[in-house]
Amino acid sequence: MTLMIHDTLRGKKVKFRPRKKGEVRIYVCGPTVYDLAHIGNARPVVVFDVFTRLLRRLYPKVTYVRNITDVDDKINAAAKETGESIQAITERTTKIFHDDMAALGNLPPDEEPKATEHIDGMKDLVAKLIESGHAYEGTGEAEGHVLFSVPSMGDDYGKLSKLKRDELVAGARVEAAPYKQDPADFILWKPSPIEDDLPGWDSPWGRGRPGWHLECSVMSEKFLGPEFDIHGGGQDLIFPHHENEIAQSTCTGGGKDGGFAKYWMHNGYLMAEGEKMSKSLGNFYTVHELLDEFPGEAIRLALLKTHYRQPLDFTKDGLAEAKRELDGFYGALRKVTDVRALPSEPSPASKVGLLDDLNTPLAISHLHRCLKLLNEANDEGSKVAAKTNLLSSAELLGLLGQDPEAWFKGEASEGGLDAAAIDALIAERGRARENKDFKRGDEIRDELEKNGVLLEDGAQGTTWKRK
Ligand SMILES: [Zn+2]
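As the structure is a computational prediction, the values presented were derived from the model and not from experiment.

Parameters at a glance
- The numbers attached to residues start from 1 for each chain and follow its sequence in the written order.
- Given that the model is predicted, a residue must reach a pLDDT of at least 70 before its local features are reported, and side-chain atom pairs must reach 80 or more before they are shown or counted; all residues, however, enter totals for whole chains, interfaces and linings.
- When DSSP finds at least two bridges between two strands, those strands are taken to pair.
- Helix and strand assignments follow DSSP, with helices taken as H or I runs no shorter than four residues and strands as E runs no shorter than two, numbered in order from the N terminus.
- Convention adopted: a line fitted to C-alpha atoms gives each axis, helices being fitted over their contacting stretch, and angles between N-to-C directions are expressed from 0 to 180 degrees.
- Here, residues touch in the contact sense if the C-beta positions derived from the backbone fall within 7 Å of one another.
- Each residue is classified by how many other C-beta atoms fall within 10 Å of its C-beta atom, where C-beta atoms are placed from the backbone; a count of 20 or more means buried, 12 or fewer means exposed, and values in between mean partly exposed.
- Multiply 1.5 Å by the residue count of a helix minus one, and that product is the helix's expected span.
- Domain extents, as shown, originate in an automatic or database domain assignment.

**Here we look at the sheet that holds strand β10 (residues 260-267)**
- A sheet is described by the order of its strands in space; here 4 strands give the open sequence β4-β3-β9-β10, paired in parallel fashion. Strands at the two margins of the open sheet, each flanked by one partner only, are β4 (61-66) and β10. Ignoring strand direction, the axes of neighbouring strands in this sheet form an average angle of 20 degrees.
- Here strand β3 (residues 23-28) runs beside strand β9 (residues 227-234); their pairing, made up of 3 bridges, is parallel. Residue pairing in the sheet places Val28 in a bridge with Gly232 of β9.
- Strands in contact with helix α7 (residues 238-250) are β9 and β10; relative to β10, the strand with the most contacts, it is inclined by about 175 degrees.

**Here we look at the pairing of β3**
- Taking burial as the measure, the 6 residues of β3 include 5 buried ones, the bulk of the element.
- In this structure, β3 lies alongside β4, joined through 6 bridges in parallel fashion. When the sheet's bridge partners are listed, Tyr27 is paired in β4 with Val65.

**Points about helix α1 (residues 39-58)**
- Taking 1.5 Å as the rise per residue, α1 with 20 residues should run 28 Å; its terminal C-alpha atoms sit 29 Å apart, in good agreement.
- With 16 of 20 residues buried, α1 is to be regarded as a mostly interior element.

**Overview of the domain arrangement of the protein**
- In terms of domains, the protein is made up of domain 1 (4-267), domain 2 (271-406) and domain 3 (411-466).
- With centres defined by C-alpha atoms, the gap from domain 1 to domain 2 works out at 32 Å.
- Facing the 25 residues of domain 1 at the interface are 30 residues of domain 2.
- Elements that contribute at least two residues to the side of domain 1 that touches domain 2 include exactly β1 (4-7), α1 and α3 (86-103).
- Counting residues per element, the side of domain 1 that touches domain 2 draws most heavily on α1, which supplies 12 residues.

So, in structure tokens, the structure goes:
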């Protein structure tokens, strides 16, 4: 089977061919750990989680690296504002990021390097770039700065973003400085004088800290080699971040054309409730807060219902709809808990959508076809086949991995009834009904409903779910 992916570098959908037979190496830019992850930050994590699940089915060896940016001016600013130490902020935020992403059903990457643990490698790369004439040290007012010389790359700079010279310059102006030899040049290293109380490391250019782009060039090479297969991230990273990563990595001998990442994949933007997310509009959703209201799996499904390259409008209504869809899946699975699904590879049909540039909406529609077959199955053999097909296809998307009972029972909301209390009330209701005390039975049903618990009486007894 052929895997097709949209490659940002070539600007079209191409057939994926790994550099080494049977082995795929992929690097995705991870979070800057200064604040809780918002739902836009979760999108690339979920997208590339599904993608690496697929790759693992197709290739014997997959190495997935996603970094943690734990040195950044946003972190420094957060520390200054709150008084919390930088280390406390980065450790706390990293822990919550891990918990939140696990709650969305994401598997951890194979390697998760932290920028601060690779400063020596960054200093080496800066030295190499200076030596080869691709970077220069600032003088006078700019002392302690090292800048990448964009004109030293010739026409190769800008080939990922396809921006023209004036657009590149306009984009680079964010960090405009009078000491740049060329307005498109960007910072590799900047000073951290001890009196500023900022993180800093001794270097040949004085005590300083790295520019943001440097770490991904260094850590991708360390874990994947100078030439690897796929580099991914959000579309907003194409310029300047990824363009600058290419500049740093290909100028130092990685081979100008063949070096660094062979393919580039980028997920589209995310809006919330039809607008750009912003704290002032009240549509700024952190994953942490959403998880108080919705199951992680519903958030995951809501993110996957839009193709990864398309802009995604994330809404609470859409999230409620995703939860109802999962209720439908788990409801069907709950009826066949005694049917044993066979250990199985996902059917070719379930892979078809994902092989075509990770078409998750198509893969999800396949799940709905499997659900229909499961609901229609009326003998043991077809039930086994339908359940097997549904679960193995869903696993590829990281969905439907929970016990159906656990899905419906969920977590008690604060002050609500926990599962043991609900089970006890249901048992009491059963005894009341056996004794023909229907009044007490109805009281208990009403009591449970007031607590958001719905009962379903069936042939095999009473089951319940949270509203
Ligand atoms: Zn990066």
